[in-house]
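# Chains, contacts and geometry: an overview
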Amino acid sequence: MSIEARELAIQALYEFDLRGEGPSSMPARTARLVEGVLIHQAELDETLDAVSRRWRVARMAPVDRAVLRLALYELRFEPETPVGVIVSEAVRLAKKYSTEKSSAFVNGILGRLSRTER
């Protein structure tokens, strides 16, 4: 999975979250990730709500929500992608696109999920 595909997927998921629609066209890898997250969003959110002790998914920053949904989707449905790659990329994206504290939040949630998902 390329870094660019994840980055574009985060941007598209953010758009879907805020506007209810995303870009009209995406590279194939990005589209596969975005479609997977959107198809499984309810179950992903349920899992994130169960693991996040202080923040419900609905209260999370939209970027953090997009990053966590994508990472959990990859943990659950992309077994060929190593856990370390998924977590480090999610933390990198949180650092790049969200707040200073978001990377630690994302890392903590994914640390818990990586033990139960794989």
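See above for the structure.
Rules used throughout
- Residues numbered from 1 in each chain as written.
- Predicted model: local features only at pLDDT ≥ 70, side-chain atom pairs only at ≥ 80, totals over all residues.
- Heavy atoms only, no water.
- Axes fitted to C-alpha atoms, helices over the stretch in contact; angles between N-to-C directions.
- Helix = DSSP H or I, 4+ residues; strand = E, 2+ residues; numbered from the N terminus.
- Parallel < 35°, antiparallel > 145°, perpendicular 65-115°, else oblique.
- Contact = heavy atoms within 4.5 Å.
- Nonpolar A, V, L, I, M, F, W, Y, C, P; charged D, E, K, R; others polar.
- Salt bridge = Lys/Arg side-chain N within 4 Å of Asp/Glu carboxyl O.
- Buried < 20%, exposed > 50% of the residue type's maximum accessible area, 1.4 Å probe, protein only.
- Left-handed = near helix turned anticlockwise from the far one by under 90°.
- Expected span 1.5 Å × (residues − 1).
- Arc of directions from axis to C-beta.

## Notes on the packing of helix H4 (residues 62-77) against helix H5 (residues 83-97)
- Their axes nearest at 10 Å, the elements H4 and H5 cross at an angle of 170°. With respect to each other, H4 and H5 are oriented roughly antiparallel. Here Val-63, Val-67, Ala-71, Glu-74 and Leu-75 of H4 come into contact with H5, specifically with Val-83, Ile-86, Ala-90, Leu-93, Ala-94 and Tyr-97.
- A per-class count over the contact of H4 with H5 returns 10 nonpolar, no polar and one charged.

## Focus: the pattern of salt bridges
- The final tally for this structure, using the stated rule, is 13 salt bridges.
- Note that Asp-17 and Arg-65 form a salt bridge whose closest N and O atoms lie 2.6 Å from each other. Of this pair, Asp-17 sits in helix H1 (residues 3-19) while Arg-65 is found in helix H4, placing the two residues 48 residues apart along the sequence.
- Judged by its relative accessible area of 28%, Asp-17 falls in the partly exposed class.
- Judged by relative accessible area, Arg-65 falls into the buried class, the value being 9%.

## Topic: the packing of H1 against helix H2 (residues 28-39)
- Closest axis-to-axis distance for the H1/H2 pair is 9 Å, and the angle between their directions is 45°. By the angle between their directions, the pair H1 and H2 is classed as oblique. Relative to H2, the crossing made by H1 is right-handed. Contacts between H1 and H2 involve Ala-5, Arg-6, Leu-8, Ala-9, Ala-12, Leu-13 and Phe-16 from the former and Arg-29, Thr-30, Leu-33, Val-34, Val-37 and Leu-38 from the latter.

## Here's the deal with the environment of Ile-10
- Relative to the assigned elements, Ile-10 resides in helix H1.
- For Ile-10 and Glu-43, which are 33 residues apart along the polypeptide, the C-alpha to C-alpha distance reads 18 Å.
- When near neighbours in sequence (up to four residues on either side) are disregarded, Ile-10 contacts Ala-66, Val-67, Leu-70 and Leu-93.

## Examining helix H6 (residues 102-117)
- Here H6 is 16 residues long and its end C-alpha atoms lie 21 Å apart, about the 22 Å a rise of 1.5 Å per residue gives.
- Of the positions making up H6, those classed as buried are Ser-102, Ser-103, Val-106, Ile-109, Leu-110, Leu-113 and Ser-114. Viewed along the axis of H6, the buried residues span an arc of 140°, placing them on a single side of the element. Set apart from the buried face of H6 by more than 90 degrees, the exposed residues are Ala-104, Arg-115 and Thr-116.
- The secondary structure elements touched by the buried residues of H6 are helix H3 (41-51), H4 and H5.

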